[in-house]
Amino acid sequence: MRKPWKEYFMEIAEIVATRGTCDRAYVGCLLVNDDNRIVSTGYNGSVAGNPHCDDVGHTMRDGHCIATIHAEMNALLYCAKEGIPVKGCTAYVTHFPCLNCTKSLIQAGIKFIYYKHEYRVDEYAIELLKRNNVGFEQIK
C-alpha cells in the first residue's frame with residue numbers, strides 16, 4: 001500500500017535529521033513544491049568548512065548552541081545559494097520550528113508547515129503563522 005504524501009515526506013525528514021552534527025537536537029527539514037517534488041533538504045549542522053559540535057563540542061550562549069545552523073535555515077539557504085524558488089512550498093520538519101526559523105519560513109513564502117515533535121513551541125511563532133496565513137499541523 002502506498003504511503004500518503006505527508007507520511008512519506010516526514011519519514012524522509014527523519015532520515016535527513018540523522019545527518020545532523022549537533023547532538024543537542026537532530027532535526028531534519030524538507031521543502032516540497034506543489035508537484036510533490038523535494039526541492040531542498042536541511043539538517044542541523046555547523047557552517048560549511050567549520051568544525052562540527054559532535055567533534056569539538058558546543059559553543060553555548062544563553063542555553064543555545066550558536067555554532068549550529070538549524071535544519072530549516074540550511075534548507076532555505078541552499079535554495080537561496082542555488083537560485084531555487086521556494087515560494088508556495090510546504091515544509092516538513094521533524095520538530096516545530098523555533099521563532100527565528102518560523103520567521104524565515106514565512107518570509108521565504110512557505111505556505112504550510114508539517115511537524116512531528118512539539119519542541120519548545122513558541123506562542124509568538126504560532127501567532128505569526130496564523131497572522132500570515134501559513135498553515136501548520138502536527139503529524140503523529
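The structure this text deals with has already been given above.
Just so it is clear, the structure is predicted and the values come from calculations on it, not from any experiment.

Novice: If you had to explain the packing of aromatic side chains to someone new, which residues and values would you point to?
Specialist: Here the structure, examined in full by the defined rule, presents eight aromatic pairs. When the ring of Trp-5 is compared with that of Phe-9, the centres are 5.4 Å apart and the planes differ by 15°; the resulting orientation is stacked. Pair noted here: Trp-5 and Phe-9 are both in helix 1 (residues 5-17), with a separation of four residues, about one helical turn. According to the relative accessible area criterion, Phe-9 is buried, its value standing at 1%.

Novice: Please provide a residue-by-residue account of the pattern of salt bridges, values included.
Specialist: Summed over the entire model, instances satisfying the criterion amount to five salt bridges. The partner of Lys-111 in a salt bridge is Asp-34, with the nearest N and O atoms 2.6 Å apart. Of this pair, Lys-111 sits in the loop between helix 4 (99-108) and strand 8 (112-117) while Asp-34 sits in the loop between strand 1 (28-32) and strand 2 (38-43); the two residues are 77 residues apart in sequence, bridging distant segments of the chain.

Novice: Describe helix 1, naming the residues involved and giving the relevant values.
Specialist: The end-to-end C-alpha distance of helix 1 is 18 Å, a good match for the 18 Å that 13 residues give at a rise of 1.5 Å each. For helix 1, the set of buried residues is Phe-9, Met-10, Ala-13, Val-16 and Ala-17. Here the buried residues of helix 1 occupy an arc of 110° about the axis, which is enough to place them on one side. Lining the buried residues of helix 1 we find strand 1, strand 2, strand 7 (90-95) and strand 8.

Novice: Give me the state of the cysteines: which residues, what numbers.
Specialist: As enumerated under the stated definition, the model contains zero disulfides in all. Cysteine Cys-65 remains unbridged, with the sulfur of Cys-53 as its closest cysteine sulfur at 3.4 Å. Cys-101 provides the cysteine sulfur closest to Cys-98, a residue in no disulfide bond, and the two sulfurs are 3.7 Å apart. Look at Cys-98 and you get partly exposed, because its relative accessible area is 26%.

Novice: Explain the pairing of strand 1 to me, using residue names and the numbers behind them.
Specialist: Counting buried positions along strand 1 gives five out of five residues, so the element sits mostly inside the fold. Judged by which residues are buried, strand 1 turns out to be covered on both faces: Gly-28, Leu-30 and Val-32 on one side and Cys-29 and Leu-31 on the other are all buried. One ladder, built from five bridges, connects strand 1 with strand 2; its direction is antiparallel. Paired with Leu-31 across the two strands is Ser-40, which belongs to strand 2. The turn linking strand 1 back onto strand 2 is made up of five residues, and Asn-36 within it adopts a positive phi angle of 60°. Pairing of strand 1 with strand 7 involves four bridges; the strand directions are antiparallel. Each bridged residue has a counterpart across the sheet, and for Val-32 the counterpart in strand 7 is Thr-90.

Reading the values: the criteria
Residues numbered from 1 in each chain as written. Predicted model: local features only at pLDDT ≥ 70, side-chain atom pairs only at ≥ 80, totals over all residues. Heavy atoms only, no water. Phe/Tyr/Trp six-rings, centres within 6.5 Å; stacked < 30°, edge-to-face > 60°. Helix = DSSP H or I, 4+ residues; strand = E, 2+ residues; numbered from the N terminus. Buried < 20%, exposed > 50% of the residue type's maximum accessible area, 1.4 Å probe, protein only. Salt bridge = Lys/Arg side-chain N within 4 Å of Asp/Glu carboxyl O. Expected span 1.5 Å × (residues − 1). Arc of directions from axis to C-beta. Contact = heavy atoms within 4.5 Å. Disulfide = S-S within 2.5 Å. Pairing = 2+ DSSP bridges.

Fair warning: the whole summary comes from geometry, so function is off the table for now.
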